[in-house]
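One-letter residues, chain by chain:
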Amino acid sequence: MKLRSLMLILISALFTACASQTAMDYKQSDSVSLSQYKSFSIKPLDIKGHDTKVESVLEIGIKSALESRGLTYLESNADIEVQYAGGVKSTQAVDLKPVSVGSAVYTSHDVVSQTRATLVINIQDTKTNENVWRSSGSRVIGEDKVPQAKINSSLEKIFQNFK
């Protein structure tokens, strides 16, 4: 139970961070626009690094974001399929700091542990099987719990780039 709570806290921080502090990468096919789609379904991607413990948080946020843009959620036979993966990984990094000694400046370095969260979203047209929009981002996160409403708002900002 502790691990699940920690994962939800960490992935919550990811969504707020990705939408507000870290630039997400976006790519949209030139041949499509959001207005040509009326419905969507959601599918988690089974890829390395995806954490199944965060699926419910992600799916609630994705549904909220796309429904606010006028799309209808369907379990099957939707116009587009939103594929996603999210995960959290502990890593090590080098922290560099300037140190002044007299008139010289040296660099101090420390190896620090950090937690990095990653989010990847792909939208596929279900009739043509063409990938029509993609977004991804990654950043170092803290352990502050973020409410679902804030996660939803962050995902709405991400999906605003699907035009």
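Residues numbered from 1 in each chain as written. Predicted model: local features only at pLDDT ≥ 70, side-chain atom pairs only at ≥ 80, totals over all residues. Heavy atoms only, no water.

> Hey, could you run me through the packing of helix α2 (residues 55-67) against helix α3 (residues 148-159) in this one?
Describing two packed helices takes the angle between their axes plus the distance from one axis to the other. Packing of α2 against α3 leaves a shortest axis separation of 8 Å and a crossing angle of 55°. Relative to α3, the element α2 is oriented oblique. Once α2 is placed against α3, the crossing between them reads as right-handed. Counting all contacts with α2, which are made through V57, L58, I60, G61, I62, S64, A65 and L66, the residues of α3 involved are Q148, I151, N152, L155, E156 and F159. (Axes fitted to C-alpha atoms, helices over the stretch in contact; angles between N-to-C directions. Helix = DSSP H or I, 4+ residues; strand = E, 2+ residues; numbered from the N terminus. Parallel < 35°, antiparallel > 145°, perpendicular 65-115°, else oblique. Left-handed = near helix turned anticlockwise from the far one by under 90°. Contact = heavy atoms within 4.5 Å.)

> Just checking my understanding: could you explain the nonpolar core for this structure?
Within the largest apolar cluster, 26 residues are counted, with the highest numbers of intra-cluster contacts made by I121, L155 and F159. Broken down by secondary-structure element, the contributors of at least two residues to this core are β2 (39-44), α2, β4 (80-101), β5 (104-125), β6 (131-141) and α3. For this core, the element with the highest residue contribution is α2, accounting for five residues. (Core = buried A, V, L, I, M, F, W, Y, C linked by side-chain atoms within 4.5 Å. Buried < 20%, exposed > 50% of the residue type's maximum accessible area, 1.4 Å probe, protein only.)

> How do you make sense of the pattern of salt bridges when you look at a structure like this?
Counted according to the given criterion, the structure contains two salt bridges. For D79, the salt bridge identified is with K127, shortest N-O distance 3.4 Å. Placement of the pair is D79 in the loop between β3 (72-73) and β4 and K127 in the loop between β5 and β6, with a sequence separation of 48 residues. Looking at D79, the relative accessible area reads 16%, which means it is buried. Look at K127 and you get exposed, because its relative accessible area is 64%. Of the charged contacts in the structure, one is a salt bridge between D95 and K97, with a shortest N-O distance of 3.7 Å. Judged by its relative accessible area of 27%, D95 falls in the partly exposed class. (Salt bridge = Lys/Arg side-chain N within 4 Å of Asp/Glu carboxyl O.)

> Would you mind showing me how to read unusual backbone geometry here?
Among all residues save glycine, negative phi is the norm, and among peptide bonds the norm is trans. In this structure, N77 takes a positive phi of about 60° despite not being glycine. In this fold, N77 is placed in the loop between β3 and β4. Residue class for N77 comes out exposed when judged on its relative accessible area of 73%. With a phi close to 60°, N129 is a non-glycine residue in the positive phi region. If you trace the backbone, N129 turns up in the loop between β5 and β6.

> I'm lost on the packing of aromatic side chains in this one. Help?
To describe a pair of aromatic rings, you give the distance between the ring centres and the angle between the ring planes. The full count for this structure, using the stated rule, is five aromatic pairs. Between W133 and F162, the aromatic rings sit 5.8 Å apart at their centres with planes inclined by 40°, giving tilted as the arrangement. Within this pair, whereas W133 is found in strand β6, its partner F162 is found in the segment after α3, the two being separated by 29 residues in sequence. By the ring-pair criterion, three or more aromatic residues cluster together here, those being Y26, Y37, W133, F159 and F162. (Phe/Tyr/Trp six-rings, centres within 6.5 Å; stacked < 30°, edge-to-face > 60°.)

> Quick question: what am I supposed to make of the sheet that holds β2 here?
Sheet strands associate in pairs through backbone hydrogen bonding, adopting either a parallel or an antiparallel arrangement. Taken in spatial order, the six strands of this open sheet run β1-β6-β5-β4-β2-β3, and their pairing is mixed. Bordering the open sheet on either side are β1 (25-28) and β3, each of which pairs with just one other strand. Against the sheet, α2 touches β2, β3, β4 and β5, its axis set at about 165° to β2. Sheet strands in contact with α3 are β1, β4, β5 and β6, and its direction is about 75° off that of β5. (Pairing = 2+ DSSP bridges.)

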